[in-house]
Each structure stands twice: as structure tokens, then as C-alpha cells.
Amino acid sequence: MKVPFGNMKLHYEQFKTVLDEAVARVMASGYYILGPELEKFEKEFATFLGAKYVVGCASGTEAIYLALAAADCGPGDEVLVVAHTAVPTISAISMTGATPVFVDIKASTYVMRESELESKITPRTKVIVPVHIYGHMAEMEVIMKVAARHNIKVLEDCAQCTGATYRGATAGTIGDWGAFSFYPSKNLGAFGDGGAVCTNSEAEYKKLIMLRNYGQSKRYYHDIVGINSRLDEIQSAILSAQLPYVHELNERRRAIAARYTAGLKDLVVTPVELPGFKHVYHLYVIQTPYREELQQYLLERGIQCLIHYPIPAHLQQAYSFLGYKAGALPTTEHIVKRILSLPMFPQMTDAQVDQVIEGIADFYKDSRYVVDNAEAGSVVKAYGEGQVVS
Ligand SMILES: Cc1ncc(COP(=O)(O)O)c(C=O)c1O
């Protein structure tokens, strides 16, 4: 039996009835842009998050861009962000003309190392962008305190963590804005591109509504410079149809993760869920010093694994102009050589999960590959943080 990394076709089959009905309804309605389906989804998603307002837009990248534009981010401003993220987080910052300033991550949960933030703040720092990577949120309480001390705004990149929580607050609702991606494989995905920004501020909401629609306050009255970034009616209806199932799908992801961890914790470094956090496992990422060998071995057994992400943003060619050299972000650079994302999608069967576990166990039977007991057992050294997180 093959184990693909993901399987959107199975997802479609699971929700075919409600999805087909949603698409047919929109096709027959005569409204395709900025209509009732978008309005409905924005209200429903706001309720789901516990946020006052949601503004749909064309992608996760543009959700980040729109929130930064709402913060009046531009040339000369600095935005604090991690380099261990999907590069679009950084593209969105560059789209505003602002400069990304990179902060290292924590080795335990791979999110922004909040203890390093203050040392990177300058009079030009405008926004902090913590990325809730893989489905585990950043330490928002500390980040919000640092931001408040320096009068800086916070934009949560929630692309990978729809439904994750931190002490009961849903991802996106703690910062000034939360940016979401509805890329098809996300925890809530469209069947095409899509994104959204949430906020609790009416003023920000009104600005975002204009920014996504050519800067118009009403038709042909352009109060500010905006773009075209709208979530269309078909994608809105598709998202509304799936929203009632997000918690259930996240629970399935968590069950798969628990099964993986039980089977792998004595072999490799498994993901950490810190107390007070709810991880939604957009990705299940392990660490091993034998990453390439293990990936190839599993592939030969029909198991597809991926690497998120092999090159951190500060070492990408596109960002070489920022002047970062290898060694600038030690934890980021250490883990990118070791991380491996195992197959993870809600429709995965327990038998498939067991097949991956068995594959990894068999790999380690080869005497060339030594289990490092100090690392395995879900114990991760938090590099430079002077603590061990288990
Ligand atoms: C952390 C993160 N930020 C931003 C994005 C960009 O989202 P989109 O692909 O919808 O533009 C993604 C998706 O790849 C992501 O994973």
C-alpha cells in the first residue's frame, strides 16, 4: 500500500455532496465576486475564530500583505519575522517595501524565539509577524507584551494553524490581525486559492475592506491605494461548506499525530505540544540526523515525505540583498538539515500510519543509523534557551 504525503481527491470524495451543492448553487446564482456567499463565510469564520471581523482575500500571501498595508508598512520600516517559514510570508513583507528582520526560532516548537525579540527592535520596527508553523502557535502572551512595551503591532501568520488555540484563544485573535491561507491542503482549504484576515478593530476592518477592492470606499471613490485581492463566491461557498467539519478534521490530525508519536518517540525527535497549546498538526515534522537517507528509504517503500523547508528565507537567493550570512540564525540553520515531514492528512488510515512507523523502525535496524537516546523520547534541547522541553 502506498502512502502519499496528502490526498486532496480523498478529501473531495469525503465532502463531495456538500461541495458539489455549494458550487452548483453559486454557478446558478449569477453572483461571482463580492456577493452573499463571501459575506456569509466571513461571518461564519469570524464566529469560528471568536474574532469580530473577517475579510476574505485572494491568498494567504495577500492576507499578510493586506494586514501590513493596513499598518501602513512601507519602505524604511522593519518587520520582525522568522526565516523558518514558507517564503510567501517574507514575499508579503517585501511587497510593502518594508525590510524583513529575522529572528531565530525555538528548537522545541520551531516558532519565533520570543526571548530574542527585544534585541532586534529598532525605532523603525513597525510590525512583528510570528508564524504559527506546522500547527503550533508561537508564545503570543510574551510577544504581545514586548509589542505593547514598544508600541508595535502584531500580525499572526495563521496559514498553517486554522483552529489551533493558546490558553483557549484561537490563533489569529490575539494579535492585531491574523492572516489565513486557504490553499487546498491547509486545515481549512479552498479548491483553488484563497485567504482571509481577521481583526477585532472596526477601523482596521474598514481599511481592509477598501484595501482588497482597489482602495474604494464606494464604487469609483478610491480613498486609499489598494489592490484587487478578493475571495470569490465559489471559494467562499466551498469554505462555508467545510467549516463545520474543521474541528473534527483537526481531531483526526491530532489522533494521527498521537499514533505517530507513540510509535516513533524512541527513535526520532517527535513534535512537541507545549502545555496550554492545542497543536492542529498541519504538518507532522520529525528530526533525524539521517534525513536524506530516511526520506529515500521510505520513498522506496512507497511512503512520500517532504521537507518544510529546506532553505530558510535569510539564505534564499532572492533575499541575499539583506546581507545575512550562514550562521546568522543558528537554530533555524541547524534544524533545516534534520527536519522531515511525514504523511499527514485526515483521511489517512491507521494502517497507513502504522506502515510509516514500521518503515522508520526498519530503517533504524540498519546498524549505520544510531538512535540518539538523548534526542529521542520527544526530548528536544532548546538551543541557546538553556532549557530542555519534553
Ligand atoms: C506559513 C505560511 N505563510 C503564508 C503562506 C502563503 O499562503 P498562500 O499560498 O495562500 O498565498 C503559506 C502557504 O503556503 C504558509 O504556509
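Because the structure is a prediction, the values reported are computed rather than measured.

Chemist: Please explain the packing of helix H9 (residues 246-264) against helix H12 (residues 350-363) as it appears in this structure.
Modeler: Helix packing geometry: the angle between the two helix axes and the distance between the axes. Across the interface, H9 lies against H12 with an axial gap of 10 Å and an inter-helix angle of 25°. Relative to H12, H9 is oriented roughly parallel. Considering only the axes of H9 and H12, their crossing is right-handed. Contacts between H9 and H12 involve Ile 256, Arg 259, Tyr 260, Gly 263 and Leu 264 from the former and Asp 350, Val 353, Ile 357 and Ile 360 from the latter.

Chemist: What is the right way to read helix H7 (residues 202-211) from this model?
Modeler: In an α-helix, one turn spans 3.6 residues, which is why side chains three or four residues apart end up on the same side. Within H7, burial applies to Glu 204, Tyr 205, Lys 207, Leu 208, Met 210 and Leu 211. Packing partners of the buried residues in H7 comprise strand E1 (53-57), helix H3 (60-70), strand E8 (177-181), strand E9 (195-199) and strand E10 (216-218).

Chemist: Can you walk me through the pairing of E1 in this structure?
Modeler: If a strand is regular, its side chains alternate between the two faces of the sheet. Of all 5 residues in E1, 5 are buried; the element is thus mostly enclosed. Every second residue of E1 is oriented toward a common face, with Tyr 53, Val 55 and Cys 57 on one face and Val 54 and Gly 56 on the other, all of them buried.

Chemist: I'm lost on the packing of helix H2 (residues 36-49) against helix H8 (residues 233-242) in this one. Help?
Modeler: The interhelical angle for the contact between H2 and H8, taken along N-to-C directions, is 35°, at an axis separation of 8 Å. By crossing handedness, the relation of H2 to H8 is classed as left-handed. On H8, the residues touching Glu 37, Leu 38, Lys 40, Phe 41 and Glu 44 of H2 are Glu 233, Ser 236, Ala 237, Leu 239 and Ser 240. Looking at the contact of H2 with H8, its residues break down into 4 nonpolar, 2 polar and 4 charged.

Chemist: Quick question: what am I supposed to make of the nonpolar core here?
Modeler: One broad trend across soluble globular proteins is that nonpolar side chains are buried collectively. One finds Leu 66, Ala 67, Leu 68, Ala 179, Ala 196 and Val 197 to be the most contacted residues of the largest nonpolar core, which totals 113 residues. For this core, the element with the most residues is H3, which contributes 8 residues. Shared between two domains, this core takes at least three residues from each, and those domains are domain 1 (8-244) and domain 2 (247-389).

Chemist: I tried to follow the sheet that holds strand E2 (residues 78-82) on my own but got confused; where do I start?
Modeler: Strands in a sheet are paired, the pairing made by backbone hydrogen bonds, and the direction either parallel or antiparallel. The 7 strands are arranged E1-E9-E8-E5-E4-E2-E3 in an open sheet whose pairing can be described as mixed. Across the chains shown, the open sheet's two edge strands, defined by having one partner strand only, are E1 and strand E3 (99-103). Between one strand axis and the next, the sheet turns through 25° on average, direction left out of account. Across 4 bridges, E2 lies against strand E4 (residues 125-129) in parallel orientation. Of the residues in E4, the one forming a bridge with Val 81 is Val 129. Seen against the sheet, H2 touches E1 and E9 and runs at an angle of roughly 130° to E1.

Calculation notes
Residues numbered from 1 in each chain as written. Predicted model: local features only at pLDDT ≥ 70, side-chain atom pairs only at ≥ 80, totals over all residues. Axes fitted to C-alpha atoms, helices over the stretch in contact; angles between N-to-C directions. Helix = DSSP H or I, 4+ residues; strand = E, 2+ residues; numbered from the N terminus. Parallel < 35°, antiparallel > 145°, perpendicular 65-115°, else oblique. Left-handed = near helix turned anticlockwise from the far one by under 90°. Contact = placed C-beta atoms within 7 Å. Buried ≥ 20, exposed ≤ 12 C-beta atoms within 10 Å, placed from the backbone. Nonpolar A, V, L, I, M, F, W, Y, C, P; charged D, E, K, R; others polar. Core = buried A, V, L, I, M, F, W, Y, C linked by C-beta atoms within 7 Å. Domains from an automatic or database assignment. Pairing = 2+ DSSP bridges.

By themselves, these figures tell us nothing about what the structure is for.
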